[in-house]
Amino acid sequence: MAELQTHYPDAVPDLPDLYEPLVLFYERGGEFVRDNAGFLDLTGVLFRPGTLRGHLGAPSLSTLSDTVLDAVDAEGRISYYTTADGQGPLLRRRELRDEQHDELFSRDLQWEPTDRIPGSKEEAKDAGLVELDEIAAANLIGVILSNTSR
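Residues numbered from 1 in each chain as written. Predicted model: local features only at pLDDT ≥ 70, side-chain atom pairs only at ≥ 80, totals over all residues. Heavy atoms only, no water.

Student: Give a detailed account of the environment of glycine 57, specifying residues and quantitative values.
Tutor: As for its placement among the helices and strands, glycine 57 is situated in the loop between helix H3 (52–55) and helix H4 (66–72). Look at glycine 57 and you get exposed, because its relative accessible area is 74%. (Helix = DSSP H or I, 4+ residues; strand = E, 2+ residues; numbered from the N terminus. Buried < 20%, exposed > 50% of the residue type's maximum accessible area, 1.4 Å probe, protein only.)

Student: Please provide a residue-by-residue account of the sheet that holds strand S8 (residues 129–132), values included.
Tutor: In spatial order, the strands read S7-S6-S5-S4-S8; together these five strands make up an open sheet with antiparallel pairing. Taken across any chain shown, the strands that pair with only one partner, and hence form the sheet edges, are strand S7 (111–113) and S8. Here the strands of the sheet are splayed against their neighbours by 35° on average, with no regard to which way each runs. Those strands touched by helix H6 (residues 134–148) are strand S4 (77–83), strand S6 (99–105), S7 and S8, and its axis lies near 105° from that of S8. (Pairing = 2+ DSSP bridges. Axes fitted to C-alpha atoms, helices over the stretch in contact; angles between N-to-C directions. Contact = heavy atoms within 4.5 Å.)

Student: Give a detailed account of a nonpolar patch on the surface, specifying residues and quantitative values.
Tutor: Residues Leu18, Tyr19, Leu22, Val23, Tyr26 and Phe32 make up a contiguous nonpolar surface patch of about 630 Å² in total accessible area. Summarising the element assignment, leucine 18 is placed in the loop between helix H1 (2–7) and helix H2 (20–27). A relative accessible area of 61% places leucine 18 in the exposed class. (Patch = residues over 30% accessible without salt bridge, like charges linked within 9 Å, V, L, I, M, F, W, Y side chains within 5 Å. Areas by Shrake-Rupley, 256 points an atom, 1.4 Å probe, with all protein chains shown as cover. Salt bridge = Lys/Arg side-chain N within 4 Å of Asp/Glu carboxyl O.)

Student: So what's going on with the nonpolar core? Which residues, and what values?
Tutor: By size, the foremost hydrophobic cluster in this structure holds 13 residues, and its most contacted members are Tyr80, Leu90, Phe105, Trp111 and Ile141. Looking at this core, the elements that each hand over two or more residues are H4, S4 and H6. No other element matches H6, which puts five residues into this core. Excluding residues that lie within four positions of it along the chain, phenylalanine 105 makes contacts with Ala71, Leu90, Gln110, Trp111, Ile141 and Ile144. Core analysis: the next-biggest nonpolar cluster, separate from the first, contains six residues, Leu91, Ile117, Ala124 and Leu129 among them. (Core = buried A, V, L, I, M, F, W, Y, C linked by side-chain atoms within 4.5 Å.)

Student: Outline the pattern of salt bridges, supporting the account with residue identities and numerical values.
Tutor: Under the definition given, this model contains seven salt bridges. Across the pair arginine 92 and glutamate 103 runs a salt bridge, and its minimum N-O distance is 2.5 Å. Taken as a pair, arginine 92 in strand S5 (residues 91–96) and glutamate 103 in strand S6 lie far apart in primary sequence, eleven residues in all. Taking the relative accessible area as the measure of exposure, glutamate 103 reaches 10% and is therefore buried.

Student: Talk me through the side chain of asparagine 139; I want residue IDs and the actual numbers.
Tutor: Inspection of the secondary structure assignment puts asparagine 139 in helix H6. In contact with asparagine 139, not counting residues within four places along its chain, are Ser60, Leu61 and Ser62.

In short, geometric facts, not functional conclusions.
Rendered as structure tokens:
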């Protein structure tokens, strides 16, 4: 890609470094294994590798900044929530062994304890919260970051 950009700068737009996500993954201590069912296990997150065409419609991370990655990089089983209109705060529930931590992503760009997440997923839904996957949560953190840097 770099060679194409050198020879044909108008034909090839500014593209991100192809290997940057993989380098960041390893620099941050990431690891993966392939299980016997054909899934890749990224230390707790499973996905089945597919074709390039199958992944073209998948949402991608809007930024790979350290702040965003630090915000979503936590131990335990994590569930993210926000309000149904997408205007509310970003909340997360971390379950680690016998402990549960409910947290809110604050204006200070830190996770702070909160009591705003009801006890169960059904109660959270009844309270007007929707669950987000990791990509959507990371992209929302990126939006929060861009709004605070203005």
